[in-house]
Amino acid sequence: MGEGFVPWPAEFADRYREAGYWEGGPLADRLRDWAQRYGAATALVGGPPGAPVRRSYAELDEAVDDLAAGLAGLGLGAGDRVVLHLPNRIEFVTLLFALLRLGAIPVLTLPAHRRVEIEHLARLSGAVAYAIPDRHEGFDHRVLAGEIVAAVPSIRHVLVAGDAGASTAFTGLAGLAAAGAAARGGRPVTSPEPVDPAGVAVLLISGGTTGKPKLIARTHWDYAYNAAASARLCGLSGSDVYLVALPAAHNFPLACPGLLGAFGVGATVVLACAPSPEIAFELIARERVTVTALVPALARIWVTAAGWEGPDTTSLRLLQVGGAKLDEALARQIRPVLGAAVQQVFGMAEGLLNYTRLDDGDELACTSQGRPLAAADEIRVVDEDGLDVPAGATGELWTRGPYTIRGYYRAAEHNATAFTPDGYYRTGDLVRRTAEGNLVVEGRIKDVINRSGENVSATELEEHLLAHRAIVQAAVIAAADEQLGESVRAVVVLGAGESIKLKNVKTYLRERGLARFMLPDLLTVVDELPLTAIGKIDKRELRRRFG
Ligand code: OOB
């Protein structure tokens, strides 16, 4: 396990321990504490829409022990990496904790990942097992698993939630838990080697939309802090009901505060098998959901659908939105339509989390991406030479802190450029800091179009396009152009019944005061924009199609 993980220098580790950021035992031990403390309270609600399955904290802890014993029987143990490729079902939670209990390391992939990503991540992590659902959203994961096993020799086991099928090489999780229950005979399961809370707990996937995904090693201590401090910031308590609408394997619904933060305070976690309004609205009404987290693309779908359907969202007190820039106009619709306060979350799997605070007021919550979670989060906003920009100017965000990694896992070469010699992570995000210390995201460092030597910021142009009444979504990309080098292509989704011409868009933008070089050269109208596995606009795919 040691190799590949980049630890904090001793000086920083000591500081974070002394300041109380890093404390307590490994994550799986905390589940034991929660089971003691919250015993009969409902920890988890899952199952298909018509047939909810509920687990108390005590039952969850027992189920985790059963599965952990079964996994140990297969020979899985401390330090083993296991690719977890499960959608939002109860087995995601039990397997996650069962692996942690053995000191094994889950590699948290997203349901929408397919062969290319899984093969890369399995290989990079040196995974010994691959966990899948039998089928999900019409896709038979067992077929994919067959391909992965053939391609990645380190994988010895395929663990299946549901029907393992005919292949004897596949192990059903239910059978495994039953065998584990018999083997442990009521005794709690512990890892044969003590699990070091300063060591790696989980491997997250980088969310960057360029290049192959990288692995992000998060330790027990830093991730526990991430979840618990986020829960405090969001005012979570035992009477909250947190809906996991996004894929549970993503950092946001997992630990910001997500399901881990909710468990820490004895709240109830509800798993939505899909984030669609039909499914989510029914769960919100039935379970009296109080808090959930969405990406902007989904927030838009929910707001639009709620406008038609008038769902009962009266229980919802907080809607967290993050993962990509939330358009201000959409942010302002959230409270009137869904009845919940909006909280912007500008976070990254690498660590740093920025939140607007519950007492910030709607104005700030709709217009900024918040400020760092921890007092020990250090941030710098710098120019191309790595010098701090003047107050209020836009620059690249650099950060280090008690829950921000010092390097990607097994990526020594990339780390030399992605991190500064003094340990700051270069986020690649362009931000400006307001006088009050809130961050406003202004784009990505590489998301500029070089139009004949002039730099066009994609984000800036997108914001102007979104202000047009006919346009509901916009993505600006570079298109190859012999004369200009790169030309500016706007790809847009229009509102129902709207139509638009490039000429009118240009006139409109000129009237808003945009420079001539900022105007789009090309306009493409599409029915929907391609999204990444978590639901961000997929610019790589757009460039492939229209670049
Ligand atoms: C979250 O994490 P990742 O790792 O999938 O993606 C991180 C990147 C950031 O570097 C930034 O480029 C973008 O996603 N991003 C935002 C944003 N939140 C993330 N850009 C603008 N506004 C925002 N609010 O996406 C993530 C992790 C934890 C909590 C929330 C989101």
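Numbering of residues begins from 1 in every chain and follows the order in which that chain's sequence is written. The predicted nature of this model means local features are confined to residues of pLDDT at least 70 and side-chain atom pairs, given and counted, to a pLDDT of 80 or more, with totals for whole chains, interfaces and linings taken over all residues. The basis for every side-chain value is the complete set of heavy atoms in the structure, and neither hydrogens nor water enter the calculation.

## What to know about the sheet that holds strand S13 (residues 268-271)
So, step 1. Only strands joined by at least two bridges in the DSSP assignment are considered to pair. Strands here mean DSSP runs of E at least two residues long; helices mean DSSP runs of H or I at least four residues long; both are numbered from the N terminus. On the basis of which strands lie adjacent, the open sheet formed by nine strands has the order S2-S1-S13-S12-S14-S15-S16-S17-S18 and mixed pairing. Either end of the sheet is taken by a strand with one partner, and the two such strands are strand S2 (53-56) and strand S18 (371-372).
So, step 2. Should any heavy atoms of two residues lie within 4.5 Å, those residues are counted as being in contact. To define axes, lines are fitted to C-alpha atoms, for helices over the stretch in contact only, and angles between the resulting N-to-C directions are given on a 0 to 180 degree scale. Helix-sheet contacts for helix H3 (residues 57-73) involve strand S1 (42-46) and S2, and the interaxial angle to S2 is about 90°.
So, step 3. The strands that helix H12 (residues 296-309) touches are strand S12 (241-244), strand S14 (291-294) and strand S15 (318-322); relative to S14, the one it contacts most, it runs at about 120°.

## Considerations on unusual backbone geometry
Trans peptide bonds make up the majority, and among non-glycine residues the majority have a negative phi.
So, step 1. In the segment running from Cys256 into Pro257, the intervening peptide bond is cis, with an omega of -10°.
So, step 2. Backbone geometry places Glu137, a non-glycine residue, at a positive phi of 45°.
So, step 3. Of note, Glu137 is situated in the loop between strand S6 (135-136) and strand S7 (139-140).
So, step 4. Of note, Arg288 is a non-glycine position whose phi angle comes to about 55°, a positive value.
So, step 5. Tracing the sequence through the fold places Arg288 in the loop between helix H11 (277-287) and S14.
So, step 6. Judged by relative accessible area, which is 39%, Arg288 ranks as partly exposed. Using a 1.4 Å probe on the protein chains alone, a residue whose accessible area is under 20% of its type maximum counts as buried, one over 50% counts as exposed, and one in between counts as partly exposed.

## What about the domain arrangement of the chain?
So, step 1. Where each domain starts and ends follows an automatic or database-derived domain assignment. For the chain, the assigned domains are domain 1 (57-196), domain 2 (223-444) and domain 3 (448-546).
So, step 2. Between the C-alpha centres of domain 1 and domain 3 the distance comes to 43 Å.

## Here's the deal with the packing of aromatic side chains
So, step 1. Aromatic pairing here means that ring centres of Phe, Tyr or Trp (its six-membered ring) are within 6.5 Å. Orientation follows from the plane angle: under 30 degrees is stacked, over 60 is edge-to-face, and everything else is tilted. Overall, the coordinates contain 16 aromatic pairs when judged by the stated rule.
So, step 2. Ring centres 6.2 Å apart and planes at 45° place the aromatic pair Trp34 and Phe263 in the tilted group. Taken as a pair, Trp34 in helix H2 (residues 27-38) and Phe263 in helix H10 (residues 258-264) lie far apart in primary sequence, 229 residues in all.
So, step 3. Trp34 gets classed as buried once you look at its relative accessible area, which sits at 8%.
So, step 4. Assessed through its relative accessible area of 0%, Phe263 is described here as buried.
So, step 5. Three or more aromatic residues joined by ring pairs form one cluster here, namely Trp8, Phe12, Tyr16, Tyr21, Trp22, Trp221, Tyr225 and Tyr403.
So, step 6. Against the face of Phe139 rests Arg114, its NZ or CZ located 3.8 Å from the ring centre. In this analysis the charged atom, NZ for Lys or CZ for Arg, is taken to sit over a ring once it is within 6 Å of the ring centre and within 35 degrees of the ring normal.

## Quick notes on the site of the ligand
So, step 1. Taken together, 20 residues surround the ligand, and among them Gly323, Val345, Ala349, Asp429 and Lys536 come closest.
So, step 2. Polar contacts, as used here, are pairs of N or O atoms within 3.5 Å; protein pairs need one atom able to donate a hydrogen and one able to accept it. Residues neighboring in sequence count only if both atoms are side-chain atoms. Within the backbone of Ala349, an N or O atom sits 2.9 Å from an oxygen atom of the ligand.
So, step 3. Here an oxygen atom of the ligand sits 2.5 Å away from a polar atom, N or O, in the side chain of Asp429.
So, step 4. In these tables, accessible area is a Shrake-Rupley quantity obtained with a 1.4 Å probe, and a residue counts as shielded only by the protein chains included in the view. Coverage of the ligand by the protein chains reaches 93% of its 600 Å² of free accessible surface.
So, step 5. Those elements that place two or more of their residues in the shell around the ligand are helix H9 (251-255), strand S16 (341-348) and strand S22 (439-444).
So, step 6. Sort the elements by how many residues they give to the shell around the ligand and S16 lands first, with four residues. A single heavy atom is enough: if one lies within 4 Å of a molecule or strand, its residue is considered near that molecule or strand.

## Describing the side chain of Asp65
So, step 1. The residue Asp65 is located in helix H3 in this model.
So, step 2. In contact with Asp65, not counting residues within four places along its chain, are Arg32, Arg101, Arg184, Pro188 and Val189.

## A closer look at the nonpolar core
So, step 1. Buried residues of nine kinds, namely Ala, Val, Leu, Ile, Met, Phe, Trp, Tyr and Cys, make up a nonpolar core once their side-chain atoms join them within 4.5 Å. Counting residues in each nonpolar core, the largest one holds 161 residues, and the members touching the most others are Leu71, Phe92, Phe97, Leu243, Leu254 and Phe263.
So, step 2. Sorting elements by how many residues they give to this core places helix H4 (residues 90-102) first, with 10 residues.
So, step 3. Setting aside residues up to four positions removed in sequence, Leu71 forms contacts with Leu76, Leu95, Ala98, Leu99, Leu102, Leu159 and Leu176.
So, step 4. Counting 21 residues, the second largest nonpolar core, distinct from the first, contains Val456, Leu465, Leu494 and Ile500.

## A word on helix H5 (residues 115-125)
So, step 1. Regarding H5, the residues found buried are Ile118, Glu119, His120, Leu121, Ala122 and Ser125.
So, step 2. Its buried side turned inward, H5 meets strand S3 (81-84), strand S4 (105-108), strand S5 (129-133), helix H6 (141-151), strand S10 (200-205) and strand S11 (215-219).
So, step 3. Two residues or fewer past H5, Gly126 is found with a positive phi of approximately 65°.

## Section: the pattern of salt bridges
So, step 1. The working definition used for a salt bridge is a side-chain nitrogen of Lys or Arg within 4 Å of a carboxyl oxygen of Asp or Glu. This model, assessed by the stated rule, comprises 38 salt bridges.
So, step 2. With its nearest N and O atoms 2.9 Å apart, the salt bridge here joins Arg400 to Glu378. Within this pair, whereas Arg400 is found in strand S20 (residues 394-400), its partner Glu378 is found in strand S19 (residues 378-382), the two being separated by 22 residues in sequence.
So, step 3. By relative accessible area, Arg400 is classed as buried at 12%.
So, step 4. A relative accessible area of 23% places Glu378 in the partly exposed class.
So, step 5. A salt bridge links Arg432 to Glu442; the shortest N-O distance between them is 2.7 Å. Placement of the pair is Arg432 in strand S21 (residues 425-433) and Glu442 in strand S22, with a sequence separation of 10 residues.
So, step 6. Take Arg432: its relative accessible area is 29%, and that puts it in the partly exposed class.

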